[in-house]
Amino acid sequence: MAQKYSFLEYVKTFMTQNLTNRRWVLVDYPDSMPSEDNFDLQVGLDIPPLKEGEVLISADYLSVDPYVRGRISPTVGYTAGVLPGDLLPAGGVGEVIQSQSNMFKAGDIVLSSSFGWQEYAVLNEIEVRKIDAEKIPRQAYLSYLGMPGLTAYFGLVKVGGAKKGETVIISAASGAVGQVAGQIANSIGCKTVAIVSSDEKLEWCKELGYSHGINYKKTANLSSEIQNKCPKGVDVYFDNTGGPINDAVMENLNINARIAVCGVIALADRIGKPDIGPRYWRQILVNRATITGFLVFDFAEEFKKAENYIWNLVEKGNFKFKEDTSDGINTMASAFLDLLHSRNFGKRLIKI
Ligand SMILES: NC(=O)c1ccc[n+]([C@@H]2O[C@H](COP(=O)([O-])OP(=O)(O)OC[C@H]3O[C@@H](n4cnc5c(N)ncnc54)[C@H](OP(=O)(O)O)[C@@H]3O)[C@@H](O)[C@H]2O)c1
C-alpha cells in the first residue's frame, strides 16, 4: 500500500534530497592526551535512503561527553570502542524530518543516545525517544534531565547512599554531573564540598548552594584543605575525576565512607595504562570504607524515578544549571578536548 504523507512530511521529504551531512570520525587512537589530529570532519556526505522502521533526524543540540575518551582506545571498556574511521558517539536532540516508522512523524522532537558527532542521523525507531519540548528546553534532555543528571542522582543516592547531615565531597563540581549532584545532596540535607579548578567555578558552586569549595589548582596541600573543610571526615565522595583529587580525599575518610567512582577524567592521558599513585588500603580498612564503580545504565529501570526527583527540584524553583554551548558541528572536536583540559564551564553542548 502506498505510504501516506502529511503535507509537512511531503515538503521535508522533498527537501532532504538536497541535504548533505557533516560528521566527525576517529582518525586513530590517541596514545596519550587526544588532540585535534585524532579527529576528522567529513563533509558533503550523502544521506542514505530510509529503510522501514528508520527515521532521519536533523540535530538541534549534540552532547559533548568525557566518556568518548574511554571509547577512542583499543582497551576493552564497558561497551564496544570506536574503530578508526568510525563515527564518534554522542547523544543528540533534534527534529524528525523524514520517517519510515509508524512511531514517528516529521516534526517530532526526539532524543537519541546514538546520534553521533554529525548534523543528521538515520536511526532505527528503537534508538529514538519522543520528548516534550514545550514544557522543558530540549537540550535539558542531554543535561540535567538526561544522562548527566541521572548519573548524579544514582551516584549520590544509590551508590553513595548520601544521608541527611553527612559530608559529601564532589570533584568536577561545576560540571554537568557535578552541578546536579551538589544540588541533590543539598536537597537531602548534606553538607556539600565542591572541588573545582577556578575561582569563577567556585563562585558558581556557591550559587548552587554548596556549603564549601576548594580550588584544587590554587591549593598547595589539597589533603589538608579537605581536612579543614571536612573536620569530621568525608562520608560520601562523588568521584568524577580520579587522580590526585581522589588521593587527597582518600586521606580524609570518615568511618563507613562511600566512594562512588563515577569518572576518571584525570586519567585521560593514560587510558589503558597503569594509574600509578599512593595506595590507601589501610584507610579503607580502618574506616570500613566502600569503593563502588557504577555506570548510569546499570539503573535503567529506575530512570523515571530519578527524572521525577530532578524535575521536582526544578519545579520548586531554585534549581540552577549552567550550559556551555558553541555553534556548529565544526566545534565538536575542540569542545571535547576542552572537557579534558578543564576549559568547559557547565554542560558542554553544540548547537547545530
Ligand atoms: N559513570 C557514569 O555512568 C557516568 C556518566 C556520565 C559522566 N560520567 C563521568 O562523570 C565525570 C563528569 O562528566 P561531565 O559530563 O559532568 O563533565 P564535566 O564535569 O562537565 O566536564 C569535565 C570536567 O572534568 C574536570 N577535569 C578535567 N580534567 C581534569 C583533571 N585532570 N583533573 C581533575 N579534574 C579534571 C574539569 O572540571 P574542573 O574545571 O573543576 O577541573 C572539567 O570541567 C566524567 O569523568 C565522566 O566520564 C560518568
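Residues numbered from 1 in each chain as written. Predicted model: local features only at pLDDT ≥ 70, side-chain atom pairs only at ≥ 80, totals over all residues.

Details of the overall build of the protein
Rules: Elements are defined by DSSP. Helices are runs of H or I of four residues or more, strands are runs of E of two residues or more, and each kind is numbered from the N terminus. To get the radius of gyration, use the C-alpha atoms; to get the globule rule, take the number of residues to the power 0.38 and multiply by 2.2 Å. Every C-beta atom is placed from the backbone, and the number of other C-beta atoms within 10 Å of a residue's own sets its class: buried at 20 or more, exposed at 12 or fewer, partly exposed in between. Contact criterion: two residues are in contact if their C-beta atoms, reconstructed from the backbone, are within 7 Å.
Secondary structure assignment for the protein yields 10 helices and 15 strands. By the compact-globule yardstick of 20 Å for 352 residues, the protein fits well, its C-alpha radius of gyration being 21 Å. A burial count over the protein gives 42% of its 352 residues as buried. The contacts in the protein between residues at least 6 apart in sequence include a share of 67% that link residues at least 24 apart.

Comments concerning the nonpolar core
Here is the rule: In these notes, a nonpolar core means any group of buried Ala, Val, Leu, Ile, Met, Phe, Trp, Tyr and Cys residues linked to one another through C-beta atoms within 7 Å. What marks off one domain from the next here is an automatic or database domain assignment.
Counting residues in hydrophobic clusters, the biggest one holds 96 residues, and the most contacted among them are Ile57, Leu62, Leu156 and Ile169. Looking at this core element by element, the count peaks at eight residues for helix α3 (residues 147-159). Lining this core are residues from two domains, each supplying at least three of them: domain 1 (7-143 + 322-351) and domain 2 (147-298 + 308-312). Here Ile169 is in contact with Val193, Ile195, Ile226, Cys230, Val234, Tyr237 and Val249, once residues within four sequence places are set aside.

As for the site of the ligand
The condition that has to hold: Only the C-beta atom, placed from the backbone, is used; a residue is near a molecule or strand if that atom lies within 6 Å of it.
Inspection of the region around the ligand gives 31 residues, with Gly175, Ala176, Ser197, Gly263 and Ser342 positioned closest. Of all the secondary-structure elements, those providing two or more residues to the shell around the ligand are α3, α4 (176-188), α7 (243-250) and α10 (332-340). Each of domain 1 (7-143 + 322-351) and domain 2 (147-298 + 308-312) gives at least three residues to the shell around the ligand.

Some points on the domain arrangement of the protein
To be explicit about the condition: Amino acids are sorted into nonpolar (Ala, Val, Leu, Ile, Met, Phe, Trp, Tyr, Cys and Pro), charged (Asp, Glu, Lys and Arg) and polar (every other residue, Gly among them).
Taken as a whole, the protein is organised into domain 1 (7-143 + 322-351) and domain 2 (147-298 + 308-312). On a C-alpha basis, the centres of domain 1 and domain 2 stand 29 Å from each other. Each partner contributes residues to the interface: domain 1 has 17 residues there, and domain 2 has 17 residues. The residue makeup of the side of domain 1 that touches domain 2, split by class, is five nonpolar, nine polar and three charged.

Brief notes about the sheet that holds strand β8 (residues 167-171)
Applicable threshold: For two strands to count as paired, DSSP must find a minimum of two bridges between them. Here an axis means a line fitted to C-alpha atoms, over the contact stretch when the element is a helix, while the angle between two N-to-C directions is reported on a 0 to 180 degree scale.
Across the sheet, which stays open at both edges, the six strands sit in the order β10-β9-β8-β11-β12-β13 with parallel pairing between neighbours. Of all strands in the sheet, those bounded by a partner on one side alone are β10 (212-215) and β13 (290-293). Taken over all neighbouring pairs, the strand axes of this sheet differ in orientation by 15° on average, direction set aside. Inspection of the sheet shows strand β11 (residues 234-239) paired to strand β12 (residues 253-261) by five bridges, in the parallel sense. Paired with Val236 across the strands is Arg258, a residue of β12. Sitting on the sheet, helix α6 (residues 222-229) is in contact with β8, β9 (191-196) and β10, with an inclination near 170° to β10.

Here we look at the environment of Val193
Mapped onto the elements, Val193 comes out in strand β9. With 19 residues separating them along the chain, Val193 and His212 place their C-alpha atoms 4.7 Å apart. Look past the residues within four positions of Val193 in its chain and what remains in contact with it is Thr167, Ile169, Tyr210, Ser211, His212, Ile214, Lys229 and Cys230.

Notes on unusual backbone geometry
Backbone phi values are negative for most residues with the exception of glycine, while trans is the configuration of most peptide bonds. In this structure, Asn256 takes a positive phi of about 65° despite not being glycine. Of note, the phi angle at Ser342 is positive, near 60°, even though the residue is not glycine. By the secondary structure assignment, Ser342 is in the loop between α10 and β15 (347-351). On the basis of neighbour count, Ser342 is assigned to the partly exposed category, with 18 C-beta atoms found within 10 Å.

Describing the packing of α3 against α4
The relative placement of two packed helices is expressed as an angle between their axes plus a distance between the axes. Our working rule: These descriptions rest on fixed angle ranges, namely under 35 degrees for roughly parallel, over 145 for roughly antiparallel, 65 to 115 for roughly perpendicular, and the rest for oblique. Working rule for handedness: look at the near helix, and if it is turned counterclockwise from the far one by less than a right angle, call the crossing left-handed; if clockwise, right-handed.
At a closest axis distance of 8 Å, the pairing of α3 and α4 adopts a crossing angle of 45°. By the angle class used here, α3 and α4 are oblique. Handedness of the α3/α4 crossing: right-handed. Here Pro148, Gly149, Thr151, Ala152, Tyr153, Gly155, Leu156 and Val157 of α3 come into contact with α4, specifically with Ala176, Val177, Val180, Ala181, Ile184 and Ala185. Of the residues assigned to the contact of α3 with α4, the class counts are 11 nonpolar, three polar and no charged.

A look at the environment of Leu313
Among the secondary structure elements, Leu313 is positioned in helix α9 (residues 303-316). Judged by local crowding, Leu313 falls into the partly exposed class, with 18 C-beta atoms found within 10 Å. The spacing of Leu313 and Ile271 is 42 residues in sequence and 36 Å in space, taken between C-alpha atoms.

Considering the packing of α6 against α7
Interaxial distance between α6 and α7 falls to 8 Å at its minimum, and their mutual angle equals 50°. Classified by the angle their axes make, α6 and α7 are oblique. Note that α6 runs across α7; the crossing there is right-handed. Side by side, α6 and α7 meet where Leu222, Ser223 and Ile226 of the first sit next to Pro244, Ile245, Ala248 and Val249 of the second. Taken together, the residues of the contact of α6 with α7 break down into six nonpolar, one polar and no charged.

With respect to α9
Working note: α-helix, 3.6 residues per turn, so residues spaced by three or four point in the same direction. Which entries qualify depends on this criterion: Expected helix span is computed as 1.5 Å times (number of residues minus one).
In this model α9 runs 20 Å from its N-terminal to its C-terminal C-alpha over 14 residues, within 8% of the 20 Å that 1.5 Å per residue would give. Trailing α9 by a residue or two, Gly317 shows a phi angle of about 100°, which is positive.

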